[in-house]
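Residue-level listing of the chains:
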Amino acid sequence: MDQVREVVELVERVVGREVVGVYLHGSAVLGGLKPASDVDVLAVSRRQLGEEERRRLLDGLLRISGMGDGVRPVELAVVVQSEVRPWRYPPTCDFLYGEWLRAAYEAGQVPRPEAMPDLALLLAVTLAGDHPLAGPPPARVLDPVPRAELIRASVEGLPCLVEELDGDTRNVLLALARVRATLATGRILPKDAAADWALPRLPPEHRPVLAHAKRLYLTSRYPEESWGEELRARVRPHVDHVLGEIDRLR
């Protein structure tokens, strides 16, 4: 929670009176943080960030975020309220910081505004979690995301998601389970709950891979993650099966 407070203080210091609200989302409001969970924060601003504000936010987040002992990766998304209210698709993210992009940031890249279909899911989780860190409740700041566009956002992100399979196996498998569950139920479930939903719906030969990904999510940080040869050989057939089920549902 010290990191959360630091992020809120950084946003308020850099963006000042233009901040409408700051909200916790992600694992913290969907079942609780797990050993490798990010700290996910959404900030809503009245206007686009200026160049100096982007650099100051980035510099501060590079200091706050990390993957060492006692420090979690931070993901901060900043949206301009008028870009998401009234709702339209795809939504635009004005600034996105994620630890997976640290190397690019340290090489000089600065987050810029871009269309981000996944933001539909992020906003839906923010509204459902209803956890303001600063400002009014999110329902007074954001419009609801239509169910059809939750599904659309889930599906449009699949190609990029699958590209990360080799480097981020556990999260890709759990995210695919969540996409399938979202298409079937209309709800965004925590990753472990999505696995629980999906496991009995899988053929027996595809269950061990997802069960292992769930165990890793609940118990292990990334340096502790391991996949035996037999399980690793089952990953791609599992993914192909789940993609087929997702295609059938949509």
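Structural notes, computed from the coordinates. The shown structure was predicted, so the numbers you read here are calculated from the model rather than taken from an experiment. (Residues numbered from 1 in each chain as written. Predicted model: local features only at pLDDT ≥ 70, side-chain atom pairs only at ≥ 80, totals over all residues. Heavy atoms only, no water.)

Helix and strand content of the protein chain: eleven helices and seven strands. Here the C-alpha radius of gyration of the protein chain, 18 Å, is about what a compact globule of 250 residues would show, namely 18 Å. If one aligns the C-alpha atoms of the protein chain with their principal axes, the spans along those axes are about 55 × 40 × 30 Å. Look at the contacts in the protein chain between residues 6 or more apart in sequence, and 68% of them connect residues 24 or more apart. If you sum the accessible surface of the protein chain, you get close to 11600 Å²; carbon and sulfur atoms cover 50% of it. (Helix = DSSP H or I, 4+ residues; strand = E, 2+ residues; numbered from the N terminus. Rg over C-alpha atoms; globule rule 2.2 N^0.38 Å. Contact = heavy atoms within 4.5 Å. Areas by Shrake-Rupley, 256 points an atom, 1.4 Å probe, with all protein chains shown as cover.)

Summarising burial for strand β1 (residues 19–25): seven of the seven residues are buried, a large majority. Of the strand pairs in this sheet, β1 and strand β7 (residues 132–134) are connected by two bridges, and their pairing is antiparallel. Bridge pairing links Y23 to P132 in β7. (Buried < 20%, exposed > 50% of the residue type's maximum accessible area, 1.4 Å probe, protein only. Pairing = 2+ DSSP bridges.)

A few words now on the sheet that holds strand β2 (residues 39–45). Taken in spatial order, the five strands make up an open sheet running β5-β3-β2-β1-β7, and their pairing is mixed. Edge positions in the open sheet fall to β5 (95–97) and β7, since each of these has one partner strand only. Shown here is a sheet whose adjacent strand axes are inclined to one another by a mean of 20°, direction ignored. Across seven bridges, the pairing between β2 and strand β3 (residues 74–80) is parallel. Paired with A43 across the two strands is V78, which belongs to β3. Lying on the sheet, helix α2 (residues 51–64) is in contact with β3 and β5; it crosses β5 at an angle near 15°. (Axes fitted to C-alpha atoms, helices over the stretch in contact; angles between N-to-C directions.)

Attention now moves to the pairing of β3. In terms of residue burial, β3 counts as a mostly covered element, since seven of its seven residues are buried. Here β3 shows a buried face lined by V74, L76, V78 and V80 and a second buried face lined by E75, A77 and V79. Considered for its hand, the β-α-β crossover made up of β2, α2 and β3 is right-handed. Sheet topology places β3 next to β5; three bridges connect them, and they run antiparallel. Bridge assignment links A77 to a residue of β5, and that residue is L96. (Right-handed = clockwise from strand over helix to strand, strands pointing away.)

So, about the pattern of salt bridges. For the coordinates displayed, the defined rule picks out 17 salt bridges. Close ionic contact of R102 with E99 constitutes a salt bridge, the shortest N to O distance being 2.3 Å. There is no split in this pair, since R102 and E99 are both buried. Between D247 and R250 there is a salt bridge, with the nearest N and O atoms lying 3.1 Å from each other. D247 sits in the partly exposed class, given a relative accessible area of 45%. Classification of R250 as exposed rests on a relative accessible area of 55%. Several salt bridges converge on common partners, so that one network encompasses E51, R55 and R112. (Salt bridge = Lys/Arg side-chain N within 4 Å of Asp/Glu carboxyl O.)

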